[in-house]
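# Architecture at a glance
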Amino acid sequence: MLKKLKRILDNEVIKKSALAFSIKVLGALSGFLLNVVIARYLGAEQAGYFFLAQAIVFILAVAVRQGLDNALVRYIAGYQVLQQFDKVSGIYRLALTKVIPIAVISALLLFVLSHWLANAVFEKPPLELILNIGALVVFPIALTQLHSFCFQGQKRITHALLFQAAGLSSIALLCFWAFKPSNVIDALYLYFVSAIILCLFAFYFWNKGRKPKLSILEDCERQKVLATARPLFVIVMLAQVTQWVGQLLLGALGSAEDVALFATAQRTALLTSFILIAVNSIAAPKFAESYRQEDMKQVRSVALMSGKLMTLFALPVVGFMFAFAPWLMGLFGSEFTEGANLLRILALGQFVNVITGSVGYLLQMTGHERILRTNVLISSVFMIVGSALFIPLYGVTAAACVTAFSIAIQNLLCVYHVNKKLGFNTLNILRSH
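Given the structure is predicted, the values throughout are model-derived calculations rather than measurements. (Residues numbered from 1 in each chain as written. Predicted model: local features only at pLDDT ≥ 70, side-chain atom pairs only at ≥ 80, totals over all residues. Heavy atoms only, no water.)

## A few points about a nonpolar patch on the surface
Taken together, Ile102, Ile105, Leu109, Phe111, Val112, Leu113, Trp116 and Val121 make up a surface patch of nonpolar side chains, about 730 Å² in accessible area. Turning to its location among the elements, Leu113 is positioned in helix H4 (residues 85–121). (Patch = residues over 30% accessible without salt bridge, like charges linked within 9 Å, V, L, I, M, F, W, Y side chains within 5 Å. Areas by Shrake-Rupley, 256 points an atom, 1.4 Å probe, with all protein chains shown as cover. Salt bridge = Lys/Arg side-chain N within 4 Å of Asp/Glu carboxyl O. Helix = DSSP H or I, 4+ residues; strand = E, 2+ residues; numbered from the N terminus.)

## Some points on the packing of H4 against helix H8 (residues 219–253)
Interaxial distance between H4 and H8 falls to 14 Å at its minimum, and their mutual angle equals 25°. In terms of their interaxial angle, H4 and H8 are classed as roughly parallel. Between H4 and H8 the crossing geometry is right-handed. Two secondary-structure elements touch here, H4 through Lys87, Ile91, Leu94, Lys98 and Val121 and H8 through Glu221, Arg222, Val225, Leu226 and Ala252. A per-class count over the contact of H4 with H8 returns six nonpolar, no polar and four charged. (Axes fitted to C-alpha atoms, helices over the stretch in contact; angles between N-to-C directions. Parallel < 35°, antiparallel > 145°, perpendicular 65-115°, else oblique. Left-handed = near helix turned anticlockwise from the far one by under 90°. Contact = heavy atoms within 4.5 Å. Nonpolar A, V, L, I, M, F, W, Y, C, P; charged D, E, K, R; others polar.)

## Some details on unusual backbone geometry
Despite not being glycine, Gln66 has its phi angle at roughly 55°, a positive value. Positionally, Gln66 belongs in the loop between helix H2 (12–63) and helix H3 (68–81). Taking the relative accessible area as the measure of exposure, Gln66 reaches 24% and is therefore partly exposed. One non-glycine residue, Lys180, lies in the positive phi region at around 45°. For Lys180, the position within the fold is in the loop between helix H6 (157–179) and helix H7 (184–207). (Buried < 20%, exposed > 50% of the residue type's maximum accessible area, 1.4 Å probe, protein only.)

## Remarks on the confidence of the model for the protein chain
Considering every residue of the protein chain, the mean pLDDT works out to 83; 90% of them sit at 70 or more. Mean pLDDT values for the elements of the protein chain range from 45 in helix H1 (residues 2–10) up to 93 in H7. (pLDDT = per-residue confidence, 0-100.)

## Some thoughts on helix H15 (residues 369–394)
With 26 residues, H15 extends 35 Å between its outermost C-alpha atoms, agreeing within 8% with the 38 Å of an ideal straight helix rising 1.5 Å per residue. Considering bend angle alone, the principal kink of H15 is centred on Ser387 and spans about 35°. Buried within H15 are the following residues: Glu369, Ile371, Leu372, Asn375, Val376, Ser379, Ser380, Met383, Gly386, Ser387 and Ile391. Elements in contact with the buried residues of H15: H3, H8, helix H14 (359–365) and helix H16 (396–422). Count one or two residues on from H15 and you reach Gly395, which has phi positive near 65°. (Expected span 1.5 Å × (residues − 1). Bend = angle between axes of the 7 residues up to and from the residue.)

## Re the environment of Gln84
For Gln84, the position within the fold is in the loop between H3 and H4. The residues touching Gln84, leaving out its near neighbours within four places in the chain, are Tyr79 and Arg292.

## Focus on the pattern of salt bridges
Opposite charge on two side chains lets them pair, provided their charged atoms get close. One pass over the structure, following the stated rule, counts three salt bridges. The partner of Arg65 in a salt bridge is Asp69, with the nearest N and O atoms 2.7 Å apart. A single salt-bridge network, built from bridges that share partners, covers Lys87, Glu221 and Lys224.

## Here's the deal with helix H5 (residues 127–153)
For H5, with 27 residues, the first-to-last C-alpha span of 38 Å sits near the 39 Å given by 1.5 Å per residue. Of all the bends found along H5, the most pronounced is centred on Val137 and spans about 30°, while Pro140, a proline, follows it within four residues. Burial within H5 is extensive, with 23 of its 27 residues counted as buried. Lys155 sits one or two residues past H5 and shows a positive phi near 60°.

Now the structure itself:
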């Protein structure tokens, strides 16, 4: 028994997950508190405008990275294990040259189109100025998150998680506490300042002491990276559809208050999956590294250990949400308590996401991006069609149900294909790894 315990404690995923889990707890807590502060400071209507603008900004920030996110994780992890540091610098330079121009163009487009979006699409004229400010936030968020994936590829998990989410919500929370914004315009300006601060830190910590700083990737390697990124771009954009389309359609078909109610419930439910993100930040480069070394036994071992960790931590979180949903939603203000059942529905969808394990990353890091793309496409079509059909009839409850079902469908399809292609079932967490 003592030998078995030592073997478990020596496991890389366990040890690094403990640190990642701690940082992710900080990020989840600060993100949740930030949403509470926004809702309480601004009220349901103004908070709805903020969350709607934030959703659009995050979609654009993902789009401008053109699928390079997980391509960076996969290739940097491979380069690191082979000590090809010039290629690490080369892929970093390639990412910057691809992302920076598109980020600037996207921000300008959002600024130019803000009048049309506010009046013709969402039929909410006050949204125009809000989107003008939101356009400023696209660039720093896109660049910061790009760096987080570079850190993840190097298995610098603390930096990866801080720059992925925890840092922005923590800095923004401090800014909101210090300046106490009373309207959505002031809140977005503070959010922009927070994003700029974090972006500067990301550039500093990535380039500190790193040699060579920048190099040119060989053309054959460059084409290989871009070929990997293309299907991943489709995957991440379709994943954005699953995450945000309910909120956007509520913005177009419902009121700002509906958006606030759904957004707060959805973001609270996402606390269920923070352990998934924490474990994936270690497991993803480990999958890439083991697959590169043709060690499928290690891929399976890491996947099953990850699944056990995720389920262990997710069960009490989901149970707490189901039991205390009215109290949790009431933290945002008395007008949000009616969203208790929305929280329960969305938490159930996120629970399926967690217990199925790192199936998306498994497919990506083992060369099965196209299968994942098909699965995400099916889920996204279900999300779009279901939302368009049922939100006009049943409103915010329909948005929650369709979102939860879409997440479950996507992950269960991935479980099936991991079993078919890699030979093990990630739901079988009782199996010895």
